[in-house]
Amino acid sequence: MGDPVAEYTARLQQQEREIKSLSAEIERLKNPQNLDLSSTGLDELREENARLKYRLNILKKSLQEERSYSSKSMTNVNQRLQEIFGDAISVAYPDLENAPLAVTPNQQAKFGDYQCNSAMAMAQMMKAKGLKVNPREIAEKIVQNIPDNELIERTEIAGPGFINVHLKKTFVSKLLTNLLVNGVQPPPLDRKQKVIVDFSSPNIAKEMHVGHLRSTIIGESVCRLFEFIGHEVLRLNHVGDWGTQFGMLIAHLQDKFPNYLSVSPPIGDLQAFYKESKKRFDDEEEFKKRAYQCVVRLQSKDPDFIKAWNLICDVSRNEFQKVYDCLGIRIIERGESYYMDMMADVVKEFEEKGLVELDEGRKIVFAPGQSIPLTVVKSDGGYTYDTSDLAALRQRLFDEKADVIIYVTDSGQAGHFQLVFAAGQMIGWYDPKVTRVEHAGFGVVLGEDKKKFKTRSGDTVRLMDLLKEGLKRSMDKLKEKGRDKVLTPEELMQAQQAVAFGCIKYADLSHNRINDYIFSFDKMLDDRGNTAAYLLYAFTRIRSIARLANIEEAALRKAAETCEILLEHEKEWKLGKCILRFPEILQKMVDDLLLHTLCDYLYELATTFTEFYDSCYCVEKDRQTGGTPSMAMNQRVRSALLHSGMSQLE
């Protein structure tokens, strides 16, 4: 007997191929230029088109059934409803191309669980074509054509044409059982993709400061998101490790530590070392000349100068790693120097295609629709950040064969990346319809005075100092709660780090990344509201229920496999539906890269569980009477989902 999973997979793939073939044939029949009307009657064409659509709908329905039976993954309920309403709209209005499809969770339970709002937008489309149709009539026709399905209990038309959807409790119960038995698994991918995320990117010889905090936290979280749903992710750190500043650093190194080639120089404070060299560069003309000579020697790859450069880079790397270790960051360094040997070929390619213009000795490139050019070669023959980023983009597309490339930097660089992406498309490196190349910008970190976050002396806040302050504040909070009395020293230190670094990360992620946000230790350590401290409290409470229940994992699994989850109480029903929205949240974040959506969802989930806990027994106090399986399992689902969300996407 063959492997049933392999058989299901083969059948699904075959059906998907047939769907693509039929869809292509339908599109061909829609285009009059592809038809020989002299030899083929119009009626025959219409009949063939109808037959193809019928076969297509049968295949789609079969495919959905196969997926629902064979998959151990969670189901995206919203996506499934969109497919159902999409089919209904295409049958009800077959001539309306690209009909708007809008399905959202209902905000008020009395109006149902989901809502389809397509009718009003469809009425506007028809009006633009000279057809005046009442949106409510459109909604009625859509409802009449909803295909048989396992999701919908009933629908109601409200107001001008809203279609309220009530889900079947048996369907929700079945999905919750699947979740209990198989764990939190994202919906299956159509195709595994290679995703490159460029984030953090500090400059060598400079301290990481609070400005690097957001890129590092958001970038790592984007990586975890794509990994969690099943893609291959490459984390890249595009550090600033090349340029004229290294000339002055090497010249200063030669003066201060003349035996650096044989004895490793004890550079303890690289930031101070940088400031000393910069002052000399600004004040001493002779030093400035020697610094330029050092740049030339470095760019010609003189071994002594390469060693000096590596020494400086290593000191910085060690400092960066301290921050990455605190925040749990895994990342591969590929600085500007990695792309140095590729830049000449990039410029040559643009020149050969006639895309380079000369401007006062510079070589520039204008991309379509852009008023500002990219400078690919300076007047002195040197390369620029533009050249470096173009070379990086090309290498990631052609050598790494990336399907998705995401750059996580502050929003101030949005214009620069817009130019780079436009140039990459112009030269034919990628098609945005096929390859996703995107800049995920973010706002700045503000102090509580709503100005740029600075020290009292006006300096930029060092990131390591910020993390140390977080550790101090979290320990104070733990001692205030008396945790030092009940935890061992090792447990207390683990709790200190979890609270400090978790709260710093969550405070960033819980805000819309596009906006500026105010950094406040007091707010992020508050255990009220949408904070990591509150979620940690909620999670701990749920785990304590599991400990109190004292039920073996095997017994819970058996109950999950053999008992139906009864969703009789309104708070059980609310919690069950909330849990099942997790795949929708994942998909939304993949689409828009706005990670605060998950934080909002987790907070809603925690508060919904609290409502459930306050209204229903999770563990029956009288053990002689036994517990209610549905309630015990709801607790288990909530625990598993919250744990997965926090650990996978923090």
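These numbers come from a predicted model, not from an experiment.

Draft legend 1. Up close: the environment of N149. Here N149 is to be found in the loop between α5 (135-144) and β3 (152-158). Between the C-alpha atom of N149 and that of L81, which follows or precedes it by 68 residues, the distance is 9.5 Å. A distance of 2.8 Å separates a polar side-chain atom of N149 from the backbone oxygen of P147. Only 2.8 Å separates the side chain of N149 from the backbone nitrogen of I152, close enough to count as a polar contact.

Draft legend 2. Local environment of the side chain of H439. Relative to the elements of secondary structure, H439 occurs in strand β12 (residues 436-442). At 2.7 Å, the side chain of H439 forms a polar contact with the side chain of T409. Discounting chain neighbours no more than four positions away, the residues touching H439 are Y407, T409, D410, S411, Q413, A414, F417 and F421.

Draft legend 3. Quick look at helix α18 (residues 532-549). Helix length check: α18, at 18 residues, gives a terminal C-alpha distance of 26 Å against a target of 26 Å (1.5 Å per residue), a fit within 8%. A532, A533, Y534, L535, A538, I542, I545 and A549 are the residues of α18 that are buried. One or two residues past the end of α18 sits N550, with phi positive at roughly 55°.

Draft legend 4. Geometry of the environment of K110. Mapped onto the fold, K110 is located in the loop between β1 (103-105) and β2 (114-116). Judged by its relative accessible area of 64%, K110 is exposed. For the pair K110 and H166, spaced 56 residues apart in sequence, the C-alpha to C-alpha distance is 9.9 Å.

Draft legend 5. Looking closely at the packing of aromatic side chains. Applying the stated criterion across every chain yields a total of 15 aromatic pairs. Ring geometry for Y534 against Y603: centres 5.6 Å apart, planes inclined by 70°, an arrangement best described as edge-to-face. In this pair, Y534 sits in helix α18 while Y603 sits in helix α22 (residues 596-615), placing the two residues 69 residues apart along the sequence. Relative accessible area serves as the criterion here: at 28%, Y603 is assigned to the partly exposed category. Site record: aromatic cluster; members linked through ring pairs are F228, F582 and Y601. In this arrangement the basic side chain of K141 is found over the ring face of Y93, its NZ or CZ atom lying 4.7 Å from the centre. Geometry around F398 places R394 over its ring, the cationic atom sitting 4.9 Å from the centre.

Draft legend 6. Representation of the pattern of salt bridges. The final tally for this structure, using the stated rule, is 42 salt bridges. Across the pair R317 and E333 runs a salt bridge, and its minimum N-O distance is 2.8 Å. One end of the pair, R317, is in helix α11 (residues 303-327); the other, E333, is in strand β7 (residues 332-333), with 16 residues separating them in the sequence. When its relative accessible area of 26% is taken as the criterion, R317 is described as partly exposed. E333 sits in the partly exposed class, given a relative accessible area of 29%. Residues E349 and R394 are paired through a salt bridge, measuring 2.8 Å at the closest nitrogen-oxygen approach. Here E349 is found in helix α12 (residues 343-352), whereas its partner R394 is found in helix α13 (residues 385-398), with 45 residues between them in sequence. By relative accessible area, E349 is classed as buried at 16%.

Thresholds applied
Per-chain numbering applies: the sequence of each chain, read as written, is numbered from 1 onward. Thresholds applied to this predicted model are a pLDDT of at least 70 for local features of residues and 80 or more for the giving and counting of side-chain atom pairs; totals over whole chains, interfaces and linings are not thresholded and use all residues. As a rule here, side-chain values come from all non-hydrogen atoms in the structure, and water together with hydrogens is ignored. Comment: elements are numbered from the N terminus, with helices defined as DSSP H or I runs of at least four residues and strands as E runs of at least two. Here a polar contact is taken to be a pair of N or O atoms separated by no more than 3.5 Å, where protein atoms must pair a possible hydrogen donor with a possible acceptor and residues adjacent in sequence count only if both atoms sit in side chains. In this analysis, two residues are considered to be in contact whenever any of their non-hydrogen atoms come within 4.5 Å of each other. Helix span, as expected, comes to 1.5 Å for every residue beyond the first. Only protein chains enter the calculation, and the probe is 1.4 Å; a residue is then buried if its accessible area is under 20% of its type maximum, exposed if over 50%, and partly exposed in between. For Phe, Tyr and Trp, where Trp contributes only its six-membered ring, two rings pair if their centres lie within 6.5 Å, and the inter-plane angle classes them as stacked under 30 degrees, edge-to-face over 60, or tilted in between. Whether a charge sits over a ring depends on NZ of Lys or CZ of Arg being within 6 Å of the ring centre and within 35 degrees of the ring normal. Salt bridges are defined as contacts in which a side-chain nitrogen from Lys or Arg sits within 4 Å of a carboxyl oxygen from Asp or Glu.

Purely geometric numbers; function is a separate question.
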